[in-house]
Amino acid sequence: MEPSKALKLEVGTSWKRWAKRRTDTELADIAARCRELLAGFDQSHLHAGLGIRKLHGNLYEFRASRGLRVGFYLIKPQTIRLAMCGNHEDVANWLKGNA
């Protein structure tokens, strides 16, 4: 029997601080995009609309909506850890301190 290759989702220590700045609608968008991310992370045609970008090392971002990005870490084995959410400028500023 092969081990499961399913991804797990967890939240990092900074996630709550970033998420409390978001509206319920934005958090719902993030949750929907997280489900898409988990369903097809290694299959580019399934996650094409998420705009996933590798930022640095194991740090990535995806687009939750037009102006909202989510920063996350890909941690072995098979874990995605949400770290932050914000606009493009928020991600750039956050990346300076976390890359």
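It should be noted that the structure appears before, not after, this text.
Residues numbered from 1 in each chain as written. Predicted model: local features only at pLDDT ≥ 70, side-chain atom pairs only at ≥ 80, totals over all residues. Heavy atoms only, no water.

Turning our eyes to something else, we now look at the overall build of the protein chain. A count of helices and strands for the protein chain gives three helices and five strands. Secondary structure elements of the protein chain occur, N-terminal to C-terminal, as β-α-α-β-β-β-β-α. Looking at the protein chain as a whole, 35% of its 99 residues are labelled buried. If you take every contact in the protein chain between residues at least 6 apart in sequence, the share linking residues at least 24 apart comes to 46%. When the accessible surface of the protein chain is split by element, carbon and sulfur atoms take 50% of a total near 6,400 Å². (Helix = DSSP H or I, 4+ residues; strand = E, 2+ residues; numbered from the N terminus. Buried < 20%, exposed > 50% of the residue type's maximum accessible area, 1.4 Å probe, protein only. Contact = heavy atoms within 4.5 Å. Areas by Shrake-Rupley, 256 points an atom, 1.4 Å probe, with all protein chains shown as cover.)

What follows concerns the packing of aromatic side chains. In the structure shown here, the tally under the stated rule is three aromatic pairs. With 5.5 Å between their ring centres and 15° between their planes, tyrosine 60 and phenylalanine 72 make a pair best called stacked. Separated by twelve residues along the polypeptide, tyrosine 60 in strand β3 (residues 59-65) and phenylalanine 72 in strand β4 (residues 68-75) bring together distant segments of the chain. The exposure class assigned to tyrosine 60 is buried, which follows from its relative accessible area of 14%. For phenylalanine 72, a relative accessible area of 0% puts it in the buried group. Seen from their ring centres, tyrosine 73 and tryptophan 94 are 6.2 Å apart, and the 65° between their planes marks the pair as edge-to-face. Linking tyrosine 73 in strand β4 with tryptophan 94 in helix α3 (residues 88-98), this pair joins segments that are 21 residues apart in sequence. Taking relative accessible area as the criterion, tryptophan 94 reaches 9% and is therefore assigned buried. Clustering of aromatic rings is evident, with ring pairs tying together Tyr60, Phe62 and Phe72. Sitting over the face of the ring of tryptophan 18, arginine 21 holds its NZ or CZ atom 4.7 Å from the ring centroid. (Phe/Tyr/Trp six-rings, centres within 6.5 Å; stacked < 30°, edge-to-face > 60°. Lys NZ or Arg CZ within 6 Å of the ring centre and 35° of its normal.)

Trp15, Ile30, Phe62, Val70, Phe72, Leu82 and Cys85 are the most contacted members of the largest nonpolar core, which totals 24 residues. Elements supplying a minimum of two residues to this core: α1 (15-19), α2 (24-40), β3, β4, β5 (79-86) and α3. In this structure, isoleucine 30 is in contact with Trp15, Ala64, Leu68, Val70 and Cys85, ignoring residues within four places of it in sequence. (Core = buried A, V, L, I, M, F, W, Y, C linked by side-chain atoms within 4.5 Å.)

Functional significance is not addressed by these values, which are geometric in nature.
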